[in-house]
Amino acid sequence: MSAPLLQVTNLHAQYGPTKVLHGIAFEVKQGGITTILGANGAGKTTTLRAMCGMVKTQGEVRLEGQRIDGKATEDIVRLGVAHVPDGRGTFLNLTVEENLRLGAYTRKDRQQVQQDFERMYGYFPRLKERLRQQAGTLSGGEQQMLAVSRALMLRPKLLLLDEPSFGLAPRIVQEIFEIFGEISRTEGTSMLLVEQNASLALKLADHAYLLETGRVVISGSAESIRNDEAVRRSYLGY
Ligand code: ATP
């Protein structure tokens, strides 16, 4: 079995004096989709922010075996980690095209960057129609598509997705999650997905962890977590 792409061991994180993560461990396999589930305030967003150097941590975060904890966000991005933050994180006063170009700012392979624009329009044709529109004028679903595309323009090894379903109509969520599956299958991009919508996340992911107040309380294959009595009762509602 190949070594995991991302391996996190004994990770602690805090905001000032407030400790939020208490020694969590998890991994994302090469080409795999891992989801971290949990209620409001469990520490999911903090976990993603810790992967890209945006919060003070202790413990180890390894990407392809190399320590990335303690590195600056920009260096982590250059190593191939792209973050789609909660609240989407598009530049609202820039156009769709400008946002996508920014996503590729670390890349030198201009011709391939150009091809990647087309690749994104293939996934999300609506973005092509709105190329010159300011991101702030897009619908919520289109902004999420743009945020994901912008992250993919980096050609990341690991895509960090923070609540991509948040505030979107079920039909749009369905569409976006199908594209995540397609990107994973066709491009082998590994993903770490944080979601409150557990049932949706467990359909997409192959592995899952349940976080409660900064601790991993259950982990396993997505299928086993889906069948876990406690998860079903508390997070799946059946
Ligand atoms: P949600 O779905 O509500 O975003 P979450 O599981 O993503 O929840 P986090 O956002 O990681 O949880 O928050 C975990 C804890 O850290 C919460 O108690 C929150 O109040 C606290 N917290 C988050 N951001 C900060 C901050 N910048 N400063 C201080 N405390 C924070």
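Please read all numbers here as calculations on a predicted model, not as lab measurements.

Some remarks on the domain arrangement of the protein chain
So, point 1. Each assigned domain of the protein chain is listed with its residue range as follows: domain 1 (6-80 + 157-236) and domain 2 (93-155).
So, point 2. Once you take the C-alpha centre of each, domain 1 and domain 2 turn out to be 23 Å apart.
So, point 3. The interface formed by domain 1 and domain 2 contains two salt bridges.
So, point 4. The interface formed by domain 1 and domain 2 includes four residue pairs in polar contact (both at pLDDT 80 or more).
So, point 5. Contributing elements (two or more residues each) for the side of domain 1 that touches domain 2: α2 (73-78), β7 (158-162) and α7 (170-187).
So, point 6. Among the elements that line the side of domain 1 that touches domain 2, the one with the most residues is α7, at nine residues.
So, point 7. Residues that form the side of domain 1 that touches domain 2 fall into these classes: 10 nonpolar, two polar and seven charged.

Points about the pattern of salt bridges
So, point 1. Taken as a whole and assessed by the stated rule, the structure comprises 17 salt bridges.
So, point 2. Residues D116 and R155 are paired through a salt bridge, measuring 2.8 Å at the closest nitrogen-oxygen approach. With D116 in helix α4 (residues 110-123) and R155 in the loop between α6 (140-152) and β7, the pair connects residues that are 39 residues apart, well separated along the chain.
So, point 3. The exposure class assigned to D116 is buried, which follows from its relative accessible area of 1%.
So, point 4. The class of R155 is partly exposed, set by a relative accessible area of 45%.
So, point 5. In this structure, the salt-bridge partner of E129 is R130, at a minimum N-O distance of 3.9 Å.
So, point 6. Under the relative-accessibility criterion, R130 is labelled partly exposed at 23%.
So, point 7. One salt-bridge network, held together by shared partners, links R107, D109, D116, R119, R155 and E187.

Each value, and the rule that gives it
- Residues numbered from 1 in each chain as written.
- Predicted model: local features only at pLDDT ≥ 70, side-chain atom pairs only at ≥ 80, totals over all residues.
- Heavy atoms only, no water.
- Domains from an automatic or database assignment.
- Salt bridge = Lys/Arg side-chain N within 4 Å of Asp/Glu carboxyl O.
- Polar contact = N/O pair within 3.5 Å; in protein donor to acceptor, adjacent residues only side chain to side chain.
- Helix = DSSP H or I, 4+ residues; strand = E, 2+ residues; numbered from the N terminus.
- Nonpolar A, V, L, I, M, F, W, Y, C, P; charged D, E, K, R; others polar.
- Buried < 20%, exposed > 50% of the residue type's maximum accessible area, 1.4 Å probe, protein only.

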